[in-house]
Amino acid sequence: MANDISPAVRSELAPTGKLRVGLNHGNFLLVTAGSSATDPRGVASDLARELGRRLGVPVEFSKFDTAGGLGDAARTGVWDVAFLGAEPQRAAEIAFTAAYLEIPATYLVPAGSPIRSVAEVDREGVRIAVAEKSAYELWLSRNIKNAKLVLTKGIDGSFDAFVKDNLEVLSGLRPRLLTDAQKLPGARVLDGQFTAVQQAIGTQKARAASATFLRAFVEEAKASGFVAEAISRNNVQGVSVAPPASPQ
């Protein structure tokens, strides 16, 4: 692929001579918890370094604490590519690849809860703690009709609100909820999922040549086994390599 990189793609993706990469350090499935801001570890940073290698340019990382902050920074030009969930609300400003990995999102309920399934959550009187501007919050905001969303700052904030305010449901990514359940005797993570967050690579909407190149890069990274190897190498549990993109 490196031989196929046009000057237009390289100048769009690395206009400063570096590939500037935005990462959400709040998602421990993509960036290993406690990672350095400038030399992070994880599936996303492994992919970013491989992308930089293909382009033949150094990689410079920018740290963001939330997916919302990372997505909002698209309009500031501080990153050339970002690793975040592909959601329709973000697509107005960001051109996304197909997903490189999927993360199931579901619910946790406290001990004694009468809620037994994902389908039983969207009812009057049910309050759902959710991290504001997370990919699954964007999905819930589009789809929840009867329950009430309680928006918080960050994933830790949603857990704290769920506990402090005795909320009926905590939403989140299954791997994180399984960890949270261990802190709350009797709490249950519901089977199934309400959505699977599609983790993708994005670039600014105006960079059409870059977007086309990135889509091909992601498909090759999945097909070659690079994504699966990165998941295994970083010991990430509860995620899966996304299926190949459908032909356009």
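For the structure itself, look to the data block above.
As the structure is a computational prediction, the values presented were derived from the model and not from experiment.

About the criteria used
- Residues numbered from 1 in each chain as written.
- Predicted model: local features only at pLDDT ≥ 70, side-chain atom pairs only at ≥ 80, totals over all residues.
- Heavy atoms only, no water.
- Helix = DSSP H or I, 4+ residues; strand = E, 2+ residues; numbered from the N terminus.
- Rg over C-alpha atoms; globule rule 2.2 N^0.38 Å.
- Contact = heavy atoms within 4.5 Å.
- Areas by Shrake-Rupley, 256 points an atom, 1.4 Å probe, with all protein chains shown as cover.
- Lys, Arg positive; Asp, Glu negative; His and termini not counted.
- Charge placed at Lys NZ, Arg CZ, Asp CG, Glu CD.

Caption draft 1: Just the overall build of the protein, in detail. Within the protein one finds 8 helices and 11 strands. Compactness check: the protein gives a C-alpha radius of gyration of 19 Å against a globular reference of 18 Å for 248 residues, within 12% of the reference. With respect to the principal axes defined by its C-alpha atoms, the protein has extents near 60 × 35 × 35 Å. Restricting the contact set of the protein to residue pairs at least 6 apart, pairs at least 24 apart contribute 71%. When the accessible surface of the protein is split by element, carbon and sulfur atoms take 52% of a total near 11100 Å². Distance between charge centroids for the protein: 1 Å, based on 28 positive and 26 negative side chains.

Caption draft 2: Geometry of unusual backbone geometry. The phi dihedral of N166 falls on the positive side, at around 50 degrees, and the residue is not glycine. Position of N166 relative to the elements: it lies in the loop between α5 (154-164) and β8 (169-173).

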